[in-house]
Number of protein chains: 2
Amino acid sequence: MLHKVFKTSTLALICTTALSGAVAVTAQAAEAETERHKVEVTTVTEGLNFPWGLAFLPNGDALVTEKSGNLRRVGTDGVISDPILGVPDVVYKSQGGLLDVALDPDFEENEWVYLSYSEADPDGGPGNSTAVVRGKLVGNNLQEVEVIFRGMPKYESGAHFGSRLVFSPEGHLFVTLGDRYSAMDDAQTLDNHHGKVVRIWPDGSVPEDNPFVSQDGALPEIWSYGHRNVQGAAIHPQTGDLWTVEHGPKGGDEVNIPIAGGNYGWPIATYGVDYDGSIISDQTHVEGTLQPHYYWVPSIATSNAIFYTGSEFPEWQGDFLVAALKASQVARLDLEGERVMHEETLFKDVVDQRIRDIEQGPDGAIYLVTDDRNGKLIRITNADD
Amino acid sequence: MLHKVFKTSTLALICTTALSGAVAVTAQAAEAETERHKVEVTTVTEGLNFPWGLAFLPNGDALVTEKSGNLRRVGTDGVISDPILGVPDVVYKSQGGLLDVALDPDFEENEWVYLSYSEADPDGGPGNSTAVVRGKLVGNNLQEVEVIFRGMPKYESGAHFGSRLVFSPEGHLFVTLGDRYSAMDDAQTLDNHHGKVVRIWPDGSVPEDNPFVSQDGALPEIWSYGHRNVQGAAIHPQTGDLWTVEHGPKGGDEVNIPIAGGNYGWPIATYGVDYDGSIISDQTHVEGTLQPHYYWVPSIATSNAIFYTGSEFPEWQGDFLVAALKASQVARLDLEGERVMHEETLFKDVVDQRIRDIEQGPDGAIYLVTDDRNGKLIRITNADD
Ligand SMILES: [Ca+2]
Ligand SMILES: [Ca+2]
């Protein structure tokens, strides 16, 4: 139901760019129809090197991570800053690197910015894991940087790091993690962080009411387990619950609403098969594991997700928007309460790169960053008549 | 994800048939992959004239209505009987004719068979409406035929008659109706049967606990209202609740779980637009109306639906299978309780005619009839390795 409608003036600009090979830096815009809104899709800027995480500062500037290890500020005019200083070293390898960025809920008072990344073994071993730091953003410097979470064990893999950072209404920080691919069985045991969602306080301490704090041999940061690679997370604006989105293997991308201590089944229960077509598990239902809230077969390769709450798109308020790598699309799950009533595929024909992150801007527009060497920051606005 | 895989022997048969133009009467079979099962699709018989309703007798024979006015018995060998005698006259016009067929829950004791159809005005006026008769099936004769429901008012239209017949676990008969297209506003008022689901006892009497029995000016048979054209109905095997499926206009086909007295919004709230693209209502949410449980945009043109409970397809048990006219497909809604977790499109490439009815056979296979002058009865069985 999407129709790609380039405005004439814009089309000319895009064609010129394609022919000359030059990098266009000013707005390219395309219009598209969706079920409930006409949208304008504008490239705010490009030239970002595999951007991964996006967060908005109170003044409207965007903080963007590049997987290669840089954190940059992008002005509302599209100008990209030099790298912000003070960011930790990252293991930039395959899916690893500098990953998500989030602002403290009290950022305007405390200036804390949180970053997730692939961290090398501090003891010099070959392994790595997802870690989280925070630092105070002063100008273009990150200061008082401290590691607040370090996934364990360190493991030699370039795959499945998670990782999104979201704050609960009570101020907990959820960090979503991956199973490191070849360590998938670890997702079912509680002595490691593979395939887990963890819940910590912003200083890294463990909340006393975490589900496994009193269980011998279990890591106390764990909130839920049995996940594969959770790269999307958002807090439901009414219930305050965490919703996560994880990549399945071939088939079986999932939306979950992780409850404390919940086992989401991976790898003993899944709707997917391995990339080579082999069976990981022929079970979709295993006692003691929880069914997904919603799933995709075939996979769309889910990245991040948001609940849309802005005034720019009144008909999408309360909907869950799930960005995807594979089809350069955003899946709009039309929700009634928590129930999915309908899925619409948005932006498929007007975004030409894999979508790595989605956020709602302070202006109510929807922003995307794309997973490309020449990655874009894209703004979606309302073009209704 | 469906792959059409003809067996060699079958392919030869089909090609021969296509070349000669002869009507093949014996099994044509094709295999198809789905997400969870491999299926074999067999044409049990063809030559049915716009079959509409399908119900299975205890001995495995199928009763099939033809819209033109005949009720026939189809043996498990595919042999089609002469018309069963005693069926009422019908208004065979556009969407009207002989419509659904259902057996009494106590059929083996009482032999009652129920038929819905488009009935002319008994007073000779130009109007018509959906009516329901029952009669005792003795051999190939329908005896003691009596009208148990007569939609009112009679209305001059060939469109939107509903109508499915299903029995609740308590023995009520639900009759689903349509808005007669040009009378759509009637769906919001209770002084008529347009756009309603009605609940009666099998003899046509009104249950005392129907929601509007005590409301002045309201027809006491009404169970729920604000429907457009409800052509699908099934009882949830665990909850015992009625689930209905209705055609939207262009966009907005709906699954509803009609509660007593519920207003399902049509035509003041809808996710669709009229066939010519004009707006019927720009509202999807109107106070006092209930949201659909699930909906489709664009429309798939829903016909009937079943809850699958058989052993032939273990992975589909508990799922809601919604047949569609437009895409010759069955939408499998993978349910966890009442929640839709996933939608899969089944049979799209192996059924080449619009699907008018879907039923589960006594053998656990899935049966379809197709909306065609040379309509088919199709059996779907398990072809897993
Ligand atoms: Ca799972
Ligand atoms: Ca409705």
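Residues numbered from 1 in each chain as written. Chains lettered and ligands numbered in written order. Predicted model: local features only at pLDDT ≥ 70, side-chain atom pairs only at ≥ 80, totals over all residues. Heavy atoms only, no water.

**A few points about the interface of chain A and chain B**
Where the parts come together, the accessible area they lose is often given as the size of the interface. Applied cut-off: When checking whether two residues touch, look at their non-hydrogen atoms; a contact exists if any pair is within 4.5 Å. Two parts placed together each lose some accessible area under a 1.4 Å probe, and the buried area is that loss summed for both. Should a side-chain nitrogen of Lys or Arg be within 4 Å of a carboxyl oxygen of Asp or Glu, the pair is scored as a salt bridge. Definition of a polar contact: a pair of N or O atoms within 3.5 Å, with one able to donate and the other able to accept a hydrogen when the atoms are protein atoms, and with sequence-neighbouring residues admitted only if both atoms are side-chain atoms. Only runs of H or I of at least four residues qualify as helices and only runs of E of at least two qualify as strands under DSSP, and these elements are numbered from the N terminus.
Each partner contributes residues to the interface: chain A has 24 residues there, and chain B has 24 residues. Each partner contributes to the roughly 2000 Å² buried at the junction of chain A and chain B, and carbon and sulfur atoms together form 49% of this total. Across the chain A-chain B interface, the total number found is zero salt bridges. The interface formed by chain A and chain B holds 11 residue pairs in polar contact (both at pLDDT 80 or more) in total. Only β18 (294–296), β21 (330–336) and β22 (339–346) of chain A provide two or more residues apiece to the side of chain A that touches chain B. Considering every element that reaches the side of chain A that touches chain B, the biggest residue donor is β22(A), with four residues.

**A look at the confidence of the model for chain A**
All names here are of chain A. Worth spelling out the cut-off: A residue's pLDDT is the predictor's confidence in that residue, given on a scale from 0 to 100.
Model confidence for chain A is summarised by a mean pLDDT of 92, while 93% of its residues fall at 70 or above. Considering only residues more than four positions removed or in separate chains, one finds that residues 1–25, a stretch of pLDDT under 50, has 35 contacts. This complex was scored by the predictor with a pTM of 0.91 and an ipTM of 0.88.

**Considering the relation of the copies chain A and chain B**
We apply this condition: For this overlay, a least-squares fit was computed on C-alpha atoms, restricted to residues scoring pLDDT of at least 70 in both copies.
Each copy of the sequence occupies a distinct position, and chain A is placed on chain B by a rotation of 180° and an axial shift of 0.0 Å, giving an RMSD of 0.0 Å. Here the symmetry operator amounts to a two-fold rotation axis. Taken together, the interface assignments show that 100% of the residues at the interface of chain A recur at the interface of chain B, consistent with an identical surface on both copies.

**Focus: the coordination of the calcium ion (ligand 2)**
Residue and element names in this part refer to chain B. Basically, it comes down to this: The donor set covers N, O and S atoms within 2.8 Å of the metal, switching to 3.2 Å for Na, K and Ca, and it leaves out water, so a site may look short of donors. Whether a residue is buried, partly exposed or exposed follows from its accessible area with a 1.4 Å probe, protein chains only, as a fraction of its type maximum: under 20%, in between, or over 50%, in that order.
The coordination sphere of the calcium ion (ligand 2), as far as protein atoms go, consists of Glu254 (OE), Glu254 (OE) and Tyr264 (O), spread over 2.2 to 2.4 Å. Here the residue Glu254 occupies a position in strand β17 (residues 253–256), and Tyr264 occupies one in the loop between β17 and β18 (294–296), the gap between them amounting to 10 residues. Here Glu254 falls in the buried class, since its relative accessible area comes to 5%. Owing to a relative accessible area of 5%, Tyr264 belongs among the buried residues under this scheme.

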